[in-house]
Amino acid sequence: MSKLKISELFYSIQGEGPFAGFPSFFIRLFGCNLNCSWCDTEYAKTGSFKIYDVPFIVNFWKKNYPEVPYITITGGEPLLQDAVYELMQEFLKYDTTIILETNGSLSLEKVPENVVKVMDIKTPSSKMHIYNLYENLKYLDKKDVIKFVIMDKRDFEWALEVIKKFDILSCAQIYFSPVYKNLAPRTLALWIMEIKKPFKLQIQLHKFLSLK
């Protein structure tokens, strides 16, 4: 029976991505292969975890949140654990919307097409941008999101170059998110307005609401 290392299971308002604002059930997998300089979930890499099998996780949702259709699989980095694919397939049997949040360094090839993928492209300030796997762009479509986390103007200009180089607007939505407490959301909003492109400003809504 497939088992997963789980940092936490919790219910909250989705703070990011295309379903921001909706009550959601979160499955935070333990472990990450990157070490971003501004990581805000370090505990999912260095903290404690529990081991659950896939049926337990699905049944936990069915028992506690059956009317909540939004299932967010996050981390850490979820794709490090092979059983995550079984987890996604099991939830697809129900009338749910599955959102996979991934750091973009591992292949999306085996992720089911119906899963909404929210994939980072790491910027220079993360110090992890050398691990971006750009071939993943071919596994995305217009329901999916590429997220750039921006700390400064250098990150922003770098992101614009990457978007142009890989024609990312043709294959996914593009979100810009400021590093929390490092870049003012208003500043990033003004930068986005200046370039007159259909890029979306994203703030971490859950943090402004003092939620997990």
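Refer to the preceding data block for the structure.
Note that the structure is a prediction, hence the values are computed from the model and not measured.

A closer look at the overall build of the protein chain
In terms of helices and strands, the protein chain carries six helices and nine strands. Whereas a compact globule of 212 residues would reach a radius of gyration of roughly 17 Å, the protein chain reaches 17 Å, a difference of no more than 12%. Residue burial in the protein chain is summarised as follows: out of 212 residues, 51% are buried. In the protein chain, the proportion of contacts linking residues at least 24 apart, taken out of those at least 6 apart, comes to 69%.

Some remarks on a nonpolar patch on the surface
Taken together, the side chains of Tyr180, Leu201, Ile203 and Phe208 make up a nonpolar region of the molecular surface, amounting to roughly 330 Å² of accessible area. With respect to the helices and strands, Leu201 occurs in strand β9 (residues 200–201). The class of Leu201 is partly exposed, set by a relative accessible area of 32%.

Observations regarding unusual backbone geometry
For the peptide bond that leads from Gly75 to Gly76, omega is 15°, which places it in the cis range. Among the structural elements, Gly76 can be located in the loop between β4 (70–74) and α3 (84–91). Positive phi outside glycine occurs at Lys196, with the angle close to 55°. Along the chain, Lys196 falls in the loop between α5 (185–195) and β9. The class of Lys196 is exposed, set by a relative accessible area of 72%.

Quick word on the packing of aromatic side chains
A full pass over the atoms with the stated rule returns 18 aromatic pairs. Geometrically, the ring pair formed by Trp61 and Tyr94 is edge-to-face, given 5.6 Å between the ring centres and 70° between the ring planes. In this pair, Trp61 sits in helix α2 (residues 54–64) while Tyr94 sits in the loop between α3 and β5 (97–102), placing the two residues 33 residues apart along the sequence. An angle of 85° between the planes, with centres 6.2 Å apart, marks the rings of Tyr180 and Phe208 as edge-to-face. Taken together, the positions of Tyr180 in the loop between β8 (173–178) and α5 and Phe208 in helix α6 (residues 205–208) put the pair 28 residues apart, joining distant regions of the chain. Of the aromatic side chains, those joined through ring pairs into one cluster are Tyr11, Phe25, Tyr52, Phe56, Phe60 and Tyr65. Stacked on the ring of Phe10, the Lys or Arg Lys212 has its end atom at 5.4 Å from the ring centre.

Quick notes on the rules
Residues numbered from 1 in each chain as written. Predicted model: local features only at pLDDT ≥ 70, side-chain atom pairs only at ≥ 80, totals over all residues. Heavy atoms only, no water. Helix = DSSP H or I, 4+ residues; strand = E, 2+ residues; numbered from the N terminus. Rg over C-alpha atoms; globule rule 2.2 N^0.38 Å. Buried < 20%, exposed > 50% of the residue type's maximum accessible area, 1.4 Å probe, protein only. Contact = heavy atoms within 4.5 Å. Patch = residues over 30% accessible without salt bridge, like charges linked within 9 Å, V, L, I, M, F, W, Y side chains within 5 Å. Areas by Shrake-Rupley, 256 points an atom, 1.4 Å probe, with all protein chains shown as cover. Salt bridge = Lys/Arg side-chain N within 4 Å of Asp/Glu carboxyl O. Phe/Tyr/Trp six-rings, centres within 6.5 Å; stacked < 30°, edge-to-face > 60°. Lys NZ or Arg CZ within 6 Å of the ring centre and 35° of its normal.

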